[in-house]
Amino acid sequence: MQPLKNGRALSEENDLGFKSLQKLIGEKTGIFLSEHKKMLFTSRLNSRLKSLGLKSIDAYTRYLRHAPDAEGELARAVDCLTTHTTHFYREKHHFEFLNDVVFPHLLQEGEKTGVRRLAVWCAGCSTGEEVYTVAITTNTFWGQHPSWKIKIMATDISREILEVARTGIYPHSIKKNIPTPYLRNFFAEITLDGLRCLQVKPILDNMISFEEHNLMDGRLTRVPFDIIFCRNVLIYMGKEAKKDILNTFYRALRDDGFLFLGHSESLIGLNDKFYPMGRTIYQKISEA
Ligand SMILES: C[S@@+](CC[C@H](N)C(=O)[O-])C[C@H]1O[C@@H](n2cnc3c(N)ncnc32)[C@H](O)[C@@H]1O
């Protein structure tokens with residue numbers, strides 16, 4: 001007996017369809033759809049199939065290959081297949097390390113060389129909480145060094161999620177994760193549809209450019225970066241995709257630049273061109 005999904009047996013056709021979907025999603029996004037979670041993935045994609053009027057996973061895969069809106073649909077597929085879970089000050093020790101170690105080091109170096117610029121990339125930024133936390137930490141430290149040029153780029157494959165990030169509006173409950181002085185300095189209380197919310201102030205917004213970007217696209221337009229955050233994204237990827245993305249990060253970072261990964265991610269068996277600097281924190285070993 002085939003397992004039941006929404007009262008209907010998963011057909012062999014859907015089984016084959018899953019394999020070609022798995023291949024396509026892997027090639028295009030790096031995301032690995034494991035066989036043992038097939039039921040979960042196909043049921044998550046059901047709503048997409050329904051809204052497009054498609055009858056099978058196979059038809060959906062063809063749509064993802066050939067439809068004029070294939071790129072946009074790919075991002076919506078990623079929305080279904082991954083989570084956007086994130087919060088302010090997630091893995092707090094990363095922001096302490098930025099403030100206590102990375103920023104003083106870069107300041108000292110920049111003052112010595114006269115190159116007073118800082119570039120940060122938050123890759124897979126989801127709804128923005130991570131990049132706004134980076135911006136708070138950055139503003140708090142670099143606010144005292146106005147001659148420095150600061151740029152933060154935040155990217156995600158999902159257009160919808162980036163729209164949320166750009167608004168900078170969050171439920172009032174985020175308050176518990178943010179130190180009180182920063183709440184006052186960087187957030188404004190607003191009411192939206194009768195609900196109390198917090199919105200990041202322009203002082204943070206203005207530091208960040210949000211852009212749609214697929215990490216499988218190895219082209220680099222704005223380099224080099226001093227710091228890359230890519231946390232809780234590689235966890236969804238297959239091994240080869242992880243290697244490719246880590247190589248992209250290596251090329252995107254300046255010599256001795258810093259890479260921050262998620263709490264369950266590591267470089268073991270994937271890339272040996274970074275020094276471990278702390279829990280899920282790495283520094284690029286320069287090419288020379
Ligand atoms: C769990 S969230 C991580 C959010 C944040 N970095 C954090 O750790 O709090 C994963 C994000 O990765 C994005 N993502 C997944 N595959 C991607 C890809 N190939 N390119 C860019 N972003 C991707 C998803 O859209 C999602 O927003």
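Going by the structure above, here's the rest.
Residues numbered from 1 in each chain as written. Predicted model: local features only at pLDDT ≥ 70, side-chain atom pairs only at ≥ 80, totals over all residues.

Caption draft 1: Layout of the pairing of strand β10 (residues 253-261). Here strand β9 (residues 225-230) pairs with β10 via five bridges, running parallel. The partner of Phe229 across the bridge, within β10, is Phe260. Of the crossover connections in this fold, the one passing from β9 over helix α10 (residues 239-252) to the parallel β10 is right-handed. In the sheet, β10 pairs with strand β12 (residues 281-284) via three bridges, with the strands oriented antiparallel. Looking at the pairing, Phe258 lines up with Gln283 of β12. (Pairing = 2+ DSSP bridges. Helix = DSSP H or I, 4+ residues; strand = E, 2+ residues; numbered from the N terminus. Right-handed = clockwise from strand over helix to strand, strands pointing away.)

Caption draft 2: Fine view of unusual backbone geometry. Going from Val223 to Pro224, the amide bond is cis rather than trans, its omega being 0°. Tracing the backbone shows Pro224 in the loop between β8 (208-212) and β9. Phi at Glu91 is positive, roughly 50°, even though this residue is not glycine. The topology assignment puts Glu91 in the loop between α4 (70-81) and α5 (92-113). Overall, Glu91 belongs to the buried group, with 21 C-beta atoms counted inside 10 Å. Notably, Thr280 is not glycine yet its phi reads approximately 55°, a positive angle. Assignment of secondary structure puts Thr280 in the loop between β11 (274-278) and β12. (Buried ≥ 20, exposed ≤ 12 C-beta atoms within 10 Å, placed from the backbone.)

Caption draft 3: Just the sheet that holds strand β5 (residues 169-171), in detail. Read across the sheet, three strands follow the order β5-β7-β6 without closing on themselves; strand pairing throughout is antiparallel. Across the chains shown, the open sheet's two edge strands, defined by having one partner strand only, are β5 and β6 (187-192). Taking each pair of neighbouring strands and ignoring which way they run, the sheet shows an average axis angle of 40°. Judged from the three bridges that link them, β5 and strand β7 (residues 195-200) form a sheet pairing that is antiparallel. Bridge pairing in β7 links Tyr170 to Leu198. (Axes fitted to C-alpha atoms, helices over the stretch in contact; angles between N-to-C directions.)

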